[in-house]
Amino acid sequence: MTIRAVVRGVGHYLPERVVPNSEFEATIDTSDEWIRSRSGIERRHFAAEGQTTSDLAIRAAQAALADAGMSADQLDAIVVATSTPDFTFPSVATMVQAGLGTTSGFAYDVQAVCAGFVFALANANGLILSGQARRVLVIGAETFSRIMDWTDRGTCVLFGDGAGALVLEAEEGAGTSDDRGILSVDLHSDGRYRDLLYVDGGVSSNGQAGYLRMQGNAVFKHAVQKLAETAHTALEKAGVSAGDVAWIVPHQANLRIISATAERMQVSMDRVVVTVQDHGNTSAASIPLALSVGKARGQIKTGDLIVTEAIGGGLAWGAVVLRW
Ligand SMILES: CC(C)(COP(=O)(O)OP(=O)(O)OC[C@H]1O[C@@H](n2cnc3c(N)ncnc32)[C@H](O)[C@@H]1OP(=O)(O)O)[C@@H](O)C(=O)NCCC(=O)NCCS
């Protein structure tokens with residue numbers, strides 16, 4: 001008998017305001033054509049004034065709990081992946097706990113930037129496999145619009161706001177790759193690449209929230225190589241091959257990264273869930289958003305073998321293989 005962390009429910013929330021590429025043409029030297037052709041992004045959502053990361057996270061959590069047919073009181077843990085918390089502390093996760101009206105279990109944040117959801121999923125899997133929790137709500141939620149330098153055309157057109165959530169529950173499996181649930185995890189980081197993607201502010205440095213800074217071209221090259229490698233390793237650990245994969249659900253940063261990674265994995269694009277055109281890069285929220293949208297579109301079905309992969313600031317990157 002092997003314990004598996006099985007997906008019981010999924011949900012997402014996107015703020016109402018949709019910003020098409022053309023809106024940037026009025027304020028910076030860019031064009032809809034440049035943004036589409038270089039990134040695949042057509043539009044993104046931005047949170048309203050006063051709307052915080054925890055507000056988005058709570059809405060996504062409610063949708064995932066409804067999908068799971070579960071109440072918040074049944075949860076043992078809430079793990080939120082975010083780099084844009086409402087406050088330095090308390091954690092977004094404890095605010096979600098309160099927002100859901102429960103005091104059951106424990107709640108905390110993890111921070112691995114755009115790889116945050118993969119790390120949070122790995123963490124939740126660890127809680128379940130070690131017996132510390134049976135039901136875990138895992139959320140990715142971000143308001144990256146709050147850390148954009150609106151004069152930097154190389155970054156401000158790429159990011160968006162949103163949240164997605166999964167409910168995981170312990171279930172007994174046979175210990176084979178036919179089991180439902182998380183089958184393998186592969187995580188990495190390399191702090192030498194700090195300067196490629198970072199925010200130039202923080203509590204113990206300059207006391208400010210700061211703005212996102214990125215060497216886009218260098219990040220691009222690391223992404224394509226490292227994502228294909230980690231996905232391959234995760235598939236190997238799960239005892240499956242790329243040919244068995246029903247869906248790649250990648251971090252949605254750039255369509256060119258997504259397609260180059262799929263090509264390296266020898267998986268065709270009709271087996272990749274793509275939402276970047278509608279959401280932009282929502283950092284830790286992008287994978288659960290894509291899982292939720294992929295299910296709503298009828299792409300993802302029970303029993304499908306899925307590989308998720310992401311890379312972000314740190315650099316930190318990794319992949320999770322799961323059977324839906
Ligand atoms: C940012 C990114 C889209 C830029 O595409 P690119 O093809 O690498 O383009 P470059 O950075 O080489 O820039 C090419 C030119 O476009 C310009 N440019 C940058 N942003 C622009 C914009 N929004 N509109 C118009 N031109 C722009 C640059 O200034 C540069 O001009 P120059 O040649 O005169 O200096 C791409 O590098 C990328 O997506 N990188 C990964 C980013 C990412 O996903 N990060 C998050 C990972 S979690």
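Cut-off values and rules
Residues numbered from 1 in each chain as written. Predicted model: local features only at pLDDT ≥ 70, side-chain atom pairs only at ≥ 80, totals over all residues. Heavy atoms only, no water. Buried < 20%, exposed > 50% of the residue type's maximum accessible area, 1.4 Å probe, protein only. Helix = DSSP H or I, 4+ residues; strand = E, 2+ residues; numbered from the N terminus. Pairing = 2+ DSSP bridges. Right-handed = clockwise from strand over helix to strand, strands pointing away. Disulfide = S-S within 2.5 Å. Near = heavy atom within 4 Å. Polar contact = N/O pair within 3.5 Å; in protein donor to acceptor, adjacent residues only side chain to side chain. Areas by Shrake-Rupley, 256 points an atom, 1.4 Å probe, with all protein chains shown as cover. Nonpolar A, V, L, I, M, F, W, Y, C, P; charged D, E, K, R; others polar. Domains from an automatic or database assignment. Buried area = accessible area lost by both parts, 1.4 Å probe. Salt bridge = Lys/Arg side-chain N within 4 Å of Asp/Glu carboxyl O.

J.: Just to check I follow, could you spell out the pairing of strand E4 (residues 77-81) for this structure?
T.: Successive side chains on a regular strand alternate, one facing one side of the sheet and the next facing the other. Within E4, five of the five residues are buried, which leaves the element mostly enclosed by the surrounding structure. A two-sided burial pattern is seen for E4, the buried positions comprising Ala-77, Val-79 and Ala-81 on one face and Ile-78 and Val-80 on the other. As defined by bridge partners, E4 adjoins strand E5 (residues 106-110) across five bridges and the pair is classed as parallel. Bridging across to E5, Ile-78 finds its partner in Ala-107. A crossover connection joins E4 to the parallel E5 through helix H3 (residues 92-99); in handedness this β-α-β unit is right-handed. Across five bridges, E4 lies against strand E6 (residues 135-143) in parallel orientation. Among the inter-strand pairings, Val-79 is bridged to a residue of E6, identified as Val-138.

J.: How should the state of the cysteines be read in this particular structure?
T.: One covalent bond between the sulfur atoms of two cysteine residues makes up a disulfide. Throughout the structure, instances matching the rule amount to zero disulfides. For Cys-156, which is in no disulfide, the shortest distance to another cysteine sulfur is to Cys-114 and amounts to 16 Å.

J.: Even after reading the chapter, I still don't get the site of the ligand, so can you show me in this structure?
T.: Around the ligand, the surrounding shell holds 22 residues, and the nearest of these are Thr-30, Arg-38, Arg-153, Asn-217 and Asn-254. Trp-34 has a polar side-chain atom sitting 3.4 Å from a nitrogen atom of the ligand. Within the backbone of Arg-153, a nitrogen or oxygen atom sits 2.8 Å from a nitrogen atom of the ligand. Burial of the ligand by the protein amounts to 73% of the accessible area it has alone, namely 950 Å². Within the residue set of the shell around the ligand, elements represented by two or more residues are helix H1 (32-39), helix H5 (216-238), helix H6 (255-265) and strand E12 (305-312). Examining the composition of the shell around the ligand, we find that four residues originate from one element, H5, more than from any other. Looking at the shell around the ligand residue by residue, the class counts come to ten nonpolar, eight polar and four charged. Per-domain counts for the shell around the ligand show at least three residues from each of domain 1 (2-173) and domain 2 (181-323).

J.: In this structure, what is going on with the domain arrangement of the chain? I would like to understand it.
T.: Often, the extent of an interface is quoted as the loss of accessible area upon association of its parts. Domain annotation of the chain identifies domain 1 (2-173) and domain 2 (181-323). Relative placement of domain 1 and domain 2: their C-alpha centres are 14 Å apart. Both sides together, the interface formed by domain 1 and domain 2 hides about 3800 Å², and carbon and sulfur atoms give 67% of it. Per-residue buried area on domain 1 facing domain 2 is highest for Cys-114, Val-118 and Ile-147; these three make up 16% of the total on that side. Where domain 1 touches domain 2, the interface holds three salt bridges. Its salt-bridge partner being Lys-295, residue Asp-67 comes within 3.1 Å of it at the nearest N-O pair. Inspection of the domain 1/domain 2 interface yields 16 residue pairs in polar contact (both at pLDDT 80 or more). Where the side of domain 1 that touches domain 2 is concerned, the elements lending two or more residues are strand E1 (2-13), H1, strand E3 (43-46), helix H4 (116-129), E6 and strand E7 (161-173).

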